[in-house]
Amino acid sequence: MARVYNFSAGPSMLPEEVLKTAAAEMLEYGSTGQSVMEMSHRSKEYDAIIKEAEQDLRDIMGIPDNYDVLFLQGGASTQFAMVPLNLMNKNKKADYIITGQWANKAYKEAARYGNARAVASSADKTYSYIPKTTAEDFDKDADYVHICMNNTIYGTKYHELPDTGDVPLVADISSCILSEPIDVKRFGVLYAGAQKNVAPAGVTIVIIRKDLIGNAMDITPTMLNYKTHSENGSMFNTPPCYTIYIAGLVFKWIKKMGGLAEMKKINDKKAKILYDFLDSSKLFKGTVVPEDRSIMNVPFVTGNEELDAKFVSEAKANGFVNIKGHRSVGGMRASIYNAMPVEGVEKLVEFMKKFEEENA
Ligand SMILES: *Cc1c(COP(=O)(O)O)cnc(C)c1O
């Protein structure tokens, strides 16, 4: 068996150790005589799995007691509707910062339910930077301000949060959750689809301040009301049981690695190896302004589409897969989530150097 270095933006690599544990437990979990896939979600064994997963996530992220952790379905995209349905409830207004396609989709969805306002955008330069904002840019009467913290497609990230005053900040953290420590209490809501940095596709993690629950619009479908899931411990209906189990294994892996401070060290190291090379290369260059660079998604180009295509195809033949850029940006993108080992990035850079020599 030869496992490749998978630079996919999502679904993406999982820690090999987690996959091995899952494989070992596939036919029988503990001494239950059954796979987690086959278990009733109401069983005491499964109850322990989901509760432990939640506790481990609370421990690693330092989630305060006045926040609920919900394991939902529908992907981050469903949160684009759930957030306004549940939170645009006082003044029916919300401010959005448009830093890419996901942020824009969230904004457009919110506009269906109330007065969504685009406060700032970096569309003018293909979302290659994070627009600067000050507290005065935001409407004091807005029910919340929404940002996409790490822009998976364009490779930008908020290294400093916008000052929104007393207005709750809501963040899509799909592609940066668990990549570094985060101060949860600065947010009203955090949400993330699992398939980038947590687990296989199928579960969406929502971390929400409890006082924001319970005032959903009347039209809100039961399943899209945070209250429904909060009151039922994410068990109102069948949760994505197996995916939550894998997420739980990933949380334990992160704990064992030393927690989020340690993950950040490793992620910074990987990103630096790649960005240092991009900054010194005559062939490849990064597409994002240095101060807003993501440590998870690294887009780069050669400036020549044919050469980009040649690189992608030779990379694949050498075991570096899914490195083609998003169709809207072109070029390449290396997604280097938690599960990508340092060695994978070092080998990629070696390969890029060789490609540069051969194609000078
Ligand atoms: C992938 C992604 C999404 C979409 O997630 P789904 O789970 O497919 O709905 C939304 N936001 C960001 C930042 C993403 O990276």
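The present account deals with the structure reproduced in this document. Since this is a predicted model, take the numbers as computed values, not measurements. (Residues numbered from 1 in each chain as written. Predicted model: local features only at pLDDT ≥ 70, side-chain atom pairs only at ≥ 80, totals over all residues. Heavy atoms only, no water.)

## With respect to the sheet that holds strand β11 (residues 285-286)
Line of reasoning, step 1. A sheet is described by the order of its strands in space; here three strands give the open sequence β11-β12-β14, paired in antiparallel fashion. Taken across any chain shown, the strands that pair with only one partner, and hence form the sheet edges, are β11 and β14 (332-335).
Line of reasoning, step 2. As judged from the four bridges shared by strand β12 (residues 297-301) and β14, these two strands associate in the antiparallel manner. Residue Val-298 lies in a different strand from β14, and its bridge partner there is Ala-334. (Pairing = 2+ DSSP bridges. Helix = DSSP H or I, 4+ residues; strand = E, 2+ residues; numbered from the N terminus.)

## Some points on the packing of helix α2 (residues 44-61) against helix α6 (residues 241-257)
Line of reasoning, step 1. For the pair α2 and α6, interaxial distance at closest approach is 9 Å and the crossing angle is 40°. Relative to α6, the element α2 is oriented oblique. Regarding α2 and α6, the two cross each other, and that crossing is left-handed. Between α2 and α6, the contacting residues are Tyr-46, Ile-49, Ile-50, Glu-52, Ala-53, Asp-56, Leu-57, Asp-59 and Ile-60 on the first element and Cys-241, Ile-244, Tyr-245, Gly-248, Phe-251, Lys-252, Ile-254 and Lys-255 on the second.
Line of reasoning, step 2. When grouped by side-chain class, the residues that make up the contact of α2 with α6 number 11 nonpolar, one polar and five charged. (Axes fitted to C-alpha atoms, helices over the stretch in contact; angles between N-to-C directions. Parallel < 35°, antiparallel > 145°, perpendicular 65-115°, else oblique. Left-handed = near helix turned anticlockwise from the far one by under 90°. Contact = heavy atoms within 4.5 Å. Nonpolar A, V, L, I, M, F, W, Y, C, P; charged D, E, K, R; others polar.)

## Section: the packing of helix α1 (residues 16-24) against α6
Packed helices, taken two at a time, are described by their axes: the angle between them and the distance between them.
Line of reasoning, step 1. Packing of α1 against α6 brings their axes to within 10 Å, and their N-to-C directions diverge by 130°. With respect to each other, α1 and α6 are oriented oblique. Crossing angle aside, the handedness with which α1 passes α6 is right-handed. Contacts from Glu-17, Val-18, Thr-21 and Ala-22 of α1 reach α6 at Tyr-242, Tyr-245, Ile-246, Leu-249, Val-250, Trp-253 and Lys-256.
Line of reasoning, step 2. Residues belonging to the contact of α1 with α6 are distributed by class as follows: eight nonpolar, one polar and two charged.

## Overview of unusual backbone geometry
Line of reasoning, step 1. The linkage connecting Gly-10 with the following residue, Pro-11, adopts the cis geometry, with an omega of -10°.
Line of reasoning, step 2. Structurally, the position occupied by Pro-11 is in the loop between β1 (5-6) and α1.
Line of reasoning, step 3. The phi dihedral of Thr-126 is positive, around 45°, even though this residue is not glycine.
Line of reasoning, step 4. Along the chain, the position of Thr-126 falls in the loop between β4 (115-121) and β5 (144-148).
Line of reasoning, step 5. Even without being glycine, Ser-234 reaches a positive phi, approximately 60°.

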